[in-house]
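Coordinate analysis (summary)
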Amino acid sequence: ELERHFGTDVARGLTTKQAEANLARDGPNELEKPPKPTLLMLFILQLTGFVIVLLLVAAAASITVNGTGPNKEDALSYTTGMAIFIIVIINAG
């Protein structure tokens, strides 16, 4: 049935003329390559891992707790949260 539909023979295949016509009509027999991700997309993908998200939440919690605690005027109380943020961003880059 397919032989009849495509006008070919299973044993001999397509003639050169048929192959050229198919190539002109359909293009080459190859898959389209997906686009490469941009640097920004790669950076964002690095930040979506479970451990990374957990570290970012811990950094935010550390800064929030220190920002509302009794030592909120002390700049050194924010160093843990800021250090976690900086390390995560450097690691993602």
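This text follows the structure it describes.
Residue numbers restart at each chain and count upward from 1, following the sequence in its written direction. Where totals are concerned, whole chains, interfaces and linings use all residues; where local detail is concerned, this predicted model gives features only for residues with pLDDT of at least 70, and gives and counts side-chain atom pairs only at 80 or more. Remark: hydrogens and water are excluded; side-chain values derive from all non-hydrogen atoms of the structure.

**A closer look at a nonpolar patch on the surface**
- Patches here: salt-bridge-free residues with over 30% relative accessible area, like charges joined within 9 Å, nonpolar side chains (Val, Leu, Ile, Met, Phe, Trp, Tyr) joined within 5 Å. To be clear on the numbers: accessible area is Shrake-Rupley with a 1.4 Å probe, and residue cover counts the displayed protein chains and nothing else. Should a side-chain nitrogen of Lys or Arg be within 4 Å of a carboxyl oxygen of Asp or Glu, the pair is scored as a salt bridge. Where nonpolar side chains cluster on the molecular surface, the patch consists of Leu39, Leu40, Met41, Leu42, Ile44 and Leu45 and spans about 610 Å² of accessible area.
- The helix and strand labels rest on DSSP assignments: H or I over at least four residues marks a helix, E over at least two residues marks a strand, and numbering proceeds from the N terminus. Position of Leu45 among the secondary structure elements: in helix 3 (residues 39-46).

**Let's talk about the pattern of salt bridges**
- A complete count under the given rule lists two salt bridges for this structure.
- In this structure, the salt-bridge partner of Arg25 is Asp26, at a minimum N-O distance of 3.1 Å. The burial state of Arg25 is the same as that of Asp26; both residues are exposed. Any residue under 20% of the maximum accessible area for its type is buried, any over 50% is exposed, and the rest in between are partly exposed; the area is computed with a 1.4 Å probe on protein chains only.

**A look at helix 4 (residues 50-68)**
- Under the convention used throughout, the expected extent of a helix is 1.5 Å for every residue step, that is, one less than its residue count. With 19 residues, helix 4 ought to run about 27 Å at 1.5 Å a step, and its terminal C-alpha atoms sit 27 Å apart, in line with that.
- Every buried residue belonging to helix 4 is among Ile52, Ala59 and Ser62, and all of these are buried. Buried positions in helix 4, seen along its axis, are confined to an arc of 80° and lie on one side of it. Counted as exposed and oriented over 90 degrees from the buried face of helix 4: Phe50, Val57, Val65 and Thr68.
- Contacts: residue pairs with any heavy atoms within 4.5 Å of one another. Taken together, the buried residues of helix 4 touch helix 3 and helix 5 (79-92). The arc in question is formed by the directions pointing from the helix axis toward the C-beta atoms.

**Brief notes about helix 2 (residues 16-26)**
- Little of helix 2 is tucked away: zero of the 11 residues are buried.
- Positive phi shows up at Gly27, right after helix 2, with a value of about 85°.

**Observations concerning the packing of helix 4 against helix 5**
- The axes used here are C-alpha line fits, helices contributing only the stretch in contact, and every angle between their N-to-C directions lies in the interval 0 to 180 degrees. Packing of helix 4 against helix 5 brings their axes to within 7 Å, and their N-to-C directions diverge by 155°. Looking at the two axes, helix 4 sits roughly antiparallel to helix 5. Between helix 4 and helix 5 lies a crossing of left-handed hand. Of helix 5, the residues touching helix 4 (which contributes Ile52, Leu55, Leu56, Ala59, Ala60, Ser62 and Ile63) are Thr80, Gly81, Met82, Ile84, Phe85, Val88 and Asn91. Angle categories: roughly parallel below 35 degrees, roughly antiparallel above 145, roughly perpendicular from 65 to 115, and oblique for all the rest. Rotating anticlockwise by less than a right angle from the far helix to the near helix defines a left-handed crossing, while the corresponding clockwise rotation defines a right-handed one.

**So, the environment of Phe43**
- Tracing the backbone through its elements, the reader meets Phe43 in helix 3.
- Overall, Phe43 belongs to the partly exposed group, its relative accessible area being 27%.
- Remark: the alpha-carbon pair of Phe43 and Ile89, spanning 46 residues in sequence, is separated by 9.0 Å.
- Not counting the four nearest positions on each side in its chain, Phe43 is found in contact with Ile89, Ala92 and Gly93.

**Concerning the side chain of Ser77**
- Turning to its location among the elements, Ser77 is positioned in the loop between helix 4 and helix 5.
- The exposure class assigned to Ser77 is buried, which follows from its relative accessible area of 14%.
- Within the structure, the side chain of Ser77 is placed 2.7 Å from the backbone oxygen of Asp74, a separation counted as a polar contact.
- Apart from the residues lying within four places of it in its own chain, the contact partners of Ser77 are Asn66 and Asn71. Two N or O atoms form a polar contact when they lie within 3.5 Å of each other; inside protein one atom must be a possible hydrogen donor and the other a possible acceptor, and for residues adjacent in sequence the pair counts only when both atoms belong to side chains.

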